[in-house]
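Fold and geometry: a report
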Amino acid sequence: MSKIVFITGATAGFGKACAEKFAAHGYDLILNGRRTERLQELADTLEKKYNIAALQLPFDVQDEKAVFESIQNIPADWQKIDVLINNAGLALGRDYFEEADLGDWNTMIDTNVKGFLYVAKAVSQLMVKNKQGHIINIGSVAGKEVYEKGNVYCATKYAADALNQAMRIDLLRHQIKVTAINPGAAETEFSIVRFKGDEVTAKKIYDGLKPLTAEDIADIIYYCATLPPHVCINDLSVTCIQQANAIYFNRQKV
Ligand code: NDP
Ligand code: 8X3
């Protein structure tokens, strides 16, 4: 029987690259995101390309009721989830603390903390029942150091860091693996979302860098997910070679 990976935020970036990577290795996919037409296209493409099965589970991770109802009602033959990639998330705005938008703060907290928690809790209940599983939480280098104008985005990723540790401790007795992947700058739709569609400002984030790609992160996640049963990478930070941490960059002059 094929293994099952459940990916939140599979319509773009890391999530989409993970869908491709795991499908290429024969995993069946449970795909989440809000943009249903993208989910449909991804599911159709990967099913045909890799001869795997893909279940679409569209919901907004901020919606507590939708998260729990969707996950608790997953068809019986999809409930043995081997890997959860708890990835859906976003930054909104990059502003000084006193100038930042409260709506942006609320959305980041509701998505990156509350949504992150709802999904992990609902899926961990299935994993406990199945007596196996691996939760891979997507944190960030922004959860290791705070940078100027990063305020609430950084706070949500510090929360992800704490919750990643908490899950590993509390799920230890069930032998469920818990891993945090903390990427640095990676060129996905992340900055376009952060700057609300301003592609010029988004592009500047990567000026003078050869940033990570979504595929780099998917390769690392796949590696973590396929280690022997007794081995767990607990916490892994990864940057491109021109980034030392959340703050220090060595940009090439262009
Ligand atoms: P993208 O913007 O490319 O993808 C984000 C994904 O999250 C999309 O599929 C989006 O789907 C989904 N998503 C966002 N909000 C929700 C929601 N409320 N409910 C369900 N799905 C949602 O960004 P990345 O792939 O780069 O980001 C993925 C994760 O990685 C995030 O948690 C981000 O914080 C983190 N990260 C990113 C870094 C980077 O530099 N790119 C570095 C470090 C961490 P849809 O809009 O269809 O719902
Ligand atoms: C995304 C990386 O440096 O833009 O988490 O915060 S950063």
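In case you missed it, the structure is sitting above this.
All of these numbers come straight from a predicted model, not from anything done at the bench.

Considering the pattern of salt bridges
- Under the definition given, this model contains 11 salt bridges.
- The closest approach of N and O atoms between Lys-21 and Asp-219, which form a salt bridge, is 3.1 Å. Pair noted here: Lys-21 is in helix α1 (residues 13–24) and Asp-219 is in helix α8 (residues 214–225), with a separation of 198 residues, a long-range link.
- The partly exposed category is assigned to Lys-21, whose relative accessible area is 22%.

Considerations on the side chain of Ser-191
- You can see Ser-191 is positioned in helix α6 (residues 190–194).
- The buried category is assigned to Ser-191, whose relative accessible area is 3%.
- For Ser-191, the residues in contact, after removing those within four places along its chain, are Ala-202, Ile-205 and Tyr-206.

Focus on the site of ligand 2
- By nearness alone, every residue bordering ligand 2 is listed as Ser-140, Ala-142, Tyr-147, Tyr-153, Phe-190 and Arg-194.
- One of the side-chain N or O atoms of Tyr-147 is found 2.6 Å from an oxygen atom in ligand 2.
- Compared with its free state, where it exposes 240 Å², ligand 2 has 87% of that area covered by protein.
- The residue inventory of the shell around ligand 2, partitioned by class, reads four nonpolar, one polar and one charged.

Details of the sheet that holds strand β7 (residues 235–238)
- With parallel pairing, seven strands are arranged side by side in an open sheet as β3-β2-β1-β4-β5-β6-β7. The open sheet has two free edges, formed respectively by β3 (54–56) and β7, since each of these has just one partner strand. Averaged over all pairs of adjacent strands, the angle between their axes in this sheet comes to 15 degrees, without regard to strand direction.
- Direction of pairing for strand β5 (residues 134–138) relative to strand β6 (residues 177–183): parallel, over a ladder of five bridges. Considered in β6, the bridge of His-134 is made with Lys-177.

A short note on the packing of aromatic side chains
- Counting across every chain of the model gives six aromatic pairs.
- Measuring from centroid to centroid gives 4.9 Å for Phe-22 and Tyr-27, while their planes differ by 85 degrees, and the two rings are edge-to-face. The same class applies to Phe-22 as to Tyr-27, namely buried.
- Linked through ring pairs, Phe-22, Tyr-27 and Tyr-222 together constitute an aromatic cluster.
- Positioned above the aromatic ring of Phe-249 is the side chain of Arg-251, whose terminal nitrogen or guanidinium carbon lies 4.6 Å from the ring centre.

Side note on helix α2 (residues 36–50)
- Compared with the 21 Å implied by 1.5 Å per residue over 15 residues, the 21 Å span of α2 between its first and last C-alpha is a close match.
- The set of residues buried in α2 consists of Leu-39, Leu-42, Ala-43 and Leu-46. Each buried residue of α2 sits inside an arc of 100 degrees when the element is viewed along its axis, so together they form one side. Facing away from the buried side of α2 by over 90 degrees, the exposed positions are Glu-37, Glu-41, Lys-48 and Lys-49.
- Where α2 is buried, its residues contact α1, β2 (28–31) and β3.
- Positive phi appears at Asn-51, one or two residues downstream of α2, with a value of about 55 degrees.

Let's talk about α1
- The terminal C-alpha atoms of α1 lie 17 Å apart, and with 12 residues this matches the ideal 16 Å at 1.5 Å per residue to within 8%.
- Positive backbone phi, approximately 85 degrees, marks Gly-26, located one or two places after α1.

Quick word on the packing of α1 against α2
- α2 packs onto α1 with a crossing angle of 20 degrees between their chain directions and a minimal axis gap of 10 Å. With respect to their mutual orientation, α1 and α2 come out roughly parallel. As for the relative orientation of α1 and α2, their crossing is right-handed in sense. Two secondary-structure elements touch here, α1 through Lys-16, Ala-19, Glu-20, Ala-23 and Ala-24 and α2 through Leu-42, Leu-46, Lys-49 and Tyr-50.

Cut-offs applied
Residues numbered from 1 in each chain as written. Chains lettered and ligands numbered in written order. Predicted model: local features only at pLDDT ≥ 70, side-chain atom pairs only at ≥ 80, totals over all residues. Heavy atoms only, no water. Salt bridge = Lys/Arg side-chain N within 4 Å of Asp/Glu carboxyl O. Helix = DSSP H or I, 4+ residues; strand = E, 2+ residues; numbered from the N terminus. Buried < 20%, exposed > 50% of the residue type's maximum accessible area, 1.4 Å probe, protein only. Contact = heavy atoms within 4.5 Å. Near = heavy atom within 4 Å. Polar contact = N/O pair within 3.5 Å; in protein donor to acceptor, adjacent residues only side chain to side chain. Areas by Shrake-Rupley, 256 points an atom, 1.4 Å probe, with all protein chains shown as cover. Nonpolar A, V, L, I, M, F, W, Y, C, P; charged D, E, K, R; others polar. Pairing = 2+ DSSP bridges. Axes fitted to C-alpha atoms, helices over the stretch in contact; angles between N-to-C directions. Phe/Tyr/Trp six-rings, centres within 6.5 Å; stacked < 30°, edge-to-face > 60°. Lys NZ or Arg CZ within 6 Å of the ring centre and 35° of its normal. Expected span 1.5 Å × (residues − 1). Arc of directions from axis to C-beta. Parallel < 35°, antiparallel > 145°, perpendicular 65-115°, else oblique. Left-handed = near helix turned anticlockwise from the far one by under 90°.

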